[in-house]
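What the coordinates show
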Amino acid sequence: MTAFEDELPLRVGVVGTGGWGEQHARIFAHRPDTQLVGVLGRDAAKTQARATRYETTPFTSLEALLDAAPELITVCLPNEGHFDTTLRLLETGIPLLVEKPLVFDLGEADRLLAAAEASGSFFAINFNHRYAEPVRRAKAAIDAGELGELVFATWRFGGEANHGTSRHANLIETQCHGFDMLEHLVGPISSVMAQMTDKTYGDWSTVALALEFENGAVGTMLGTYDSSYAYPDSQLVEVNGTAGRAVIRDTVRELELSRAGDEVTSRWRAGYFDDEARWFAGTFDRHVDDVLRAVRTGGPPPIHARAGRRALELAQAAIRSHELGQRVAVPAAPA
């Protein structure tokens, strides 16, 4: 039951019929406080199949979806095809939740944020990794000072390739989670030094970054499309401080907290009946809880699309670093 159970269900439209777009449809079709009024896709047969599965209306025209009067629209399109549709939707003023990456071009990102400001649009982005239980617990421990002064952090993430037209698809589309996560846990990044390899199929499929944070901590990122998500620890986050260390494994699988000088480690894993905390897609369900609460109350997005622009800014700094062969300073993160 939700805090808004006595209100009419919020009308939601979903743009996109791909794999992660199915998670969007699943959530809004099954929640008691939302009504999935339609799904929009380019392929009529695929869109009809998705709509039939979730007992809603198929649309192949954005204008037709808008005629269904959605009160929230979510966008889950191919990674390099976000800009035009997102801009059109922002101009309507309808609250909007978009998938990452925001876009691949900083100029386009700025146009989207300007359009949102001009229309007063609610503009959220789905950095759902923040909502994993190990991440929430690690964040709470850091904020409570349990790790002491933060000194270094590591992000490692990757598996099979998700090819795109950009040679930097891995860095922009996938490792945006890493930029967002490290700034979420440690603080703003102030500079980056990059190494990249294109040895496997011609794109910059594996990247290694050395990071400097505004608070004086340092960090590393290793992001790859030359590995496998079948391997243990496909994702690993470590944050080390003067008083302790936090290690997150596979986003939702495990959190270890250690204290300096103590050989006993505290470990969190989801309990036998806690399937939701073990399920990666459940991190999106948790984010949606906060998105809907904000839309209902007129509050700000839990994760504003500015975070997507910030991740792209950091990726572009890494690209410049690789091209120049030198460390590149990053503008201060917006307050």
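Preceding this section is the structure that the text describes.
Residues numbered from 1 in each chain as written. Predicted model: local features only at pLDDT ≥ 70, side-chain atom pairs only at ≥ 80, totals over all residues. Heavy atoms only, no water.

1. A few points about the pattern of salt bridges
Basically, it comes down to this: Here, a salt bridge means any Lys or Arg side-chain nitrogen found within 4 Å of an Asp or Glu carboxyl oxygen. A run of DSSP states H or I qualifies as a helix once it reaches four residues; a run of E qualifies as a strand once it reaches two. Both are numbered from the N-terminal end. Buried means the residue's accessible area, taken with a 1.4 Å probe over protein chains only, is under 20% of the maximum for its type, while exposed means over 50%, and partly exposed covers the values in between.
In total, this model carries 29 salt bridges according to the counting rule given. Of the charged contacts, one joins K139 and D143 as a salt bridge, the two residues approaching to 3.5 Å between their closest N and O atoms. Highlighted residues: K139 and D143, both in helix α6 (residues 133-143), separated by 4 residues, approximately one helical turn. For K139, a relative accessible area of 23% corresponds to the partly exposed category. The closest approach of N and O atoms between D262 and R259, which form a salt bridge, is 2.6 Å.

2. Digging into the nonpolar core
Rule in force here: We call a set of buried residues a nonpolar core when its members are Ala, Val, Leu, Ile, Met, Phe, Trp, Tyr or Cys and they connect through side-chain atoms within 4.5 Å of each other. What makes two residues a contact is simply this: any of their non-hydrogen atoms within 4.5 Å.
Counting 80 residues, the largest nonpolar core has L102, F123, L171, F179, L209 and V239 as the members making the most contacts within it. Here this core gets 8 residues from one element, more than from any other, and that element is helix α11 (residues 306-324). Here L171 is in contact with C176, F179, M196, V207, L209, A315, A318 and I319, once residues within four sequence places are set aside. Grouped together as the second largest cluster of nonpolar side chains are 20 residues, V12, I27, A124 and V295 included.

These values are about where atoms sit, not about what they do.
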